[in-house]
Amino acid sequence: MITAAQAIRTKGDLMAARNTKDFPNFRLKYIQPAPFRSICSKRMSRNVLFSRVFYMPVCLSVFYALLLVFTGCNVSSESEGTLPVVAVTVEPHGNLVERIVGDGVRCVVLVPQGKDPETYQVTPDKITALSKAKLFFRTGIPAEESLLPKLQSIAGDLQCIDLRTDLTLRKLELHHHEGEIRHIHTDALPLQNTDPHIWFAPSLLKTQALTVLNALKKLLPEKAELLQSNYEKLAAEIENLRLELVRQLEPMRGKTVFVFHPAYGYFCDEFGLLQTAIEFEGKTPNPKQIAEVIETVKRLGGKPVIFVQPEFNQSPAQAVAEAVGGTVAIHSPLERDVLKNIQRFADLITQNR
Ligand SMILES: [Zn+2]
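Residues numbered from 1 in each chain as written. Predicted model: local features only at pLDDT ≥ 70, side-chain atom pairs only at ≥ 80, totals over all residues.

Undergrad: Just checking my understanding: could you explain the pairing of strand β8 (residues 327-330) for this structure?
TA: Looking down a regular strand, the side chains alternate between one sheet face and the other. In this structure, strand β7 (residues 305-308) lies alongside β8, joined through 4 bridges in parallel fashion. Looking at β8, one finds that isoleucine 306 is bridged to valine 328. For the segment spanning β7, helix α12 (residues 315-324) and β8, crossover handedness is right-handed. (Pairing = 2+ DSSP bridges. Helix = DSSP H or I, 4+ residues; strand = E, 2+ residues; numbered from the N terminus. Right-handed = clockwise from strand over helix to strand, strands pointing away.)

As structure tokens, this is what we get:
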């Protein structure tokens, strides 16, 4: 097993990164996944240094001025304008921040609802918003990887907090496996090969709520008491949900949940279920791969419900469902009200068993 905490830099690494001119302002505090780390350690040539120091600030100022003119983005109300900005990648993490701090920050969600975080390219207006952010709670999805290099030139006071901190991560399922649970067995597994859908399981969510609390307390020490009491209410609610679902899903133990995209691995692990995905290595499966899934479903028997996220192609799941006499149900793990959404998914699989 690997925990995200194992990927945190040594103090020596951190000092070295702070001293390098590649990162004049960016405060490195938490995990630096491999791609970001290699950027930190690159030595700059004189030309690159010249362009960073003299050329880039001019370009960036012009760029952001144009952005404001053409998009009118982020011209928020006066009160919003004075609030510290906090960024998250997905809506469920926006919900965690909101539950803990209320309206004490302006929370920017990078991936809008209805977009696939795995293929989403962060838009310039979101990057502008991030440049004003004090905290960025990252999840570990690919959209962040393309974003992190951009941050080095715009981030002033931004702290990057990895929500995978202190979690036991599972390996990302790239294609379907019959009745097999895959956890991480090697410490050598890079973080980017781990399952990023960390918000869709109560016990993991509770750890992430604590990570959010600790970071917000540092940002807003004057609100520590309020943050703590909001967190405790939220943590109790998450624990109640977990206990309720243990009871509700007990009769389902060992059963397979069929999904198009493997976003429910942590949920299935937590409640003794198995996840089988139709998607193949992040792509729509070809007819041969669909035929393999149909074989798997037939071997397992029954007429399953196949869950598809609204932002994905429905036809492979429909083809499988038709072949086995099953049905397709729409469910998104990205709904903002994450606790309600986890309960809803549990209800759907219980009703359809
Ligand atoms: Zn996903």
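Undergrad: Is there a simple way to think about α12 in this case?
TA: Since the α-helix advances by 3.6 residues per turn, residues separated by three or four positions end up pointing in the same direction. For α12, every residue scored as buried is listed here: Pro316, Ala317, Val320, Ala321 and Val324. Down the axis of α12, the buried side of the element spans an arc of 135°, and every buried residue falls inside it. Exposed residues on α12 whose side chains face more than 90 degrees from its buried face are Ser315 and Glu322. Looking at the buried residues of α12, the elements they touch are α11 (287-300), β7 and β8. Backbone geometry just after α12 places glycine 325 at a positive phi near 75°. (Buried ≥ 20, exposed ≤ 12 C-beta atoms within 10 Å, placed from the backbone. Arc of directions from axis to C-beta. Contact = placed C-beta atoms within 7 Å.)

Undergrad: Looking at this structure, how should I read the nonpolar core?
TA: When a protein is soluble and globular, its nonpolar side chains tend to lie buried together. Counting residues in each nonpolar core, the largest one holds 76 residues, and the members touching the most others are Ile100 and Ile306. Considering each element in turn, this core owes the most residues, 7 residues, to helix α8 (residues 202-219). (Core = buried A, V, L, I, M, F, W, Y, C linked by C-beta atoms within 7 Å.)

Undergrad: I'm lost on the sheet that holds strand β2 (residues 106-109) in this one. Help?
TA: Backbone hydrogen bonds hold the strands of a sheet together, and the pairing may be parallel or antiparallel. Ordered by their spatial adjacency, 4 strands build an open sheet running β2-β1-β3-β4, and the pairing between neighbours is parallel. The open sheet terminates on both sides in strands that have one partner only, identified here as β2 and β4 (159-162). Taken over all neighbouring pairs, the strand axes of this sheet differ in orientation by 20° on average, direction set aside. Across 4 bridges, the pairing between strand β3 (residues 133-138) and β4 is parallel. Residue phenylalanine 137 lies in a different strand from β4, and its bridge partner there is isoleucine 161. (Axes fitted to C-alpha atoms, helices over the stretch in contact; angles between N-to-C directions.)

Undergrad: Sorry, what's going on with the confidence of the model for the protein here?
TA: In regions of low pLDDT, the predicted coordinates are not meant to be interpreted in detail. With 71% of its residues at a pLDDT of 70 or more, the protein shows a mean pLDDT of 77. Within the model, the stretch residues 1-54 combines pLDDT values under 50 with 70 contacts to residues more than four positions away or in other chains. Across residues 57-78, confidence stays below pLDDT 50; counting only partners more than four residues off in sequence or on other chains, it has 16 contacts. (pLDDT = per-residue confidence, 0-100.)

Undergrad: It is not clear to me how the packing of α11 against α12 should be interpreted in this structure. Could you clarify?
TA: Two packed helices can be described by the angle between their axes and the distance between those axes. Closest axis-to-axis distance for the α11/α12 pair is 10 Å, and the angle between their directions is 40°. In terms of their interaxial angle, α11 and α12 are classed as oblique. The way α11 lies across α12 gives a crossing that is right-handed. Residues Ile290, Val293, Ile294, Val297 and Lys298 of α11 lie in contact with α12, whose contacting residues are Pro316, Ala319, Val320, Ala323 and Val324. Here the residues of the contact of α11 with α12 sort into 9 nonpolar, no polar and 1 charged. (Parallel < 35°, antiparallel > 145°, perpendicular 65-115°, else oblique. Left-handed = near helix turned anticlockwise from the far one by under 90°. Nonpolar A, V, L, I, M, F, W, Y, C, P; charged D, E, K, R; others polar.)

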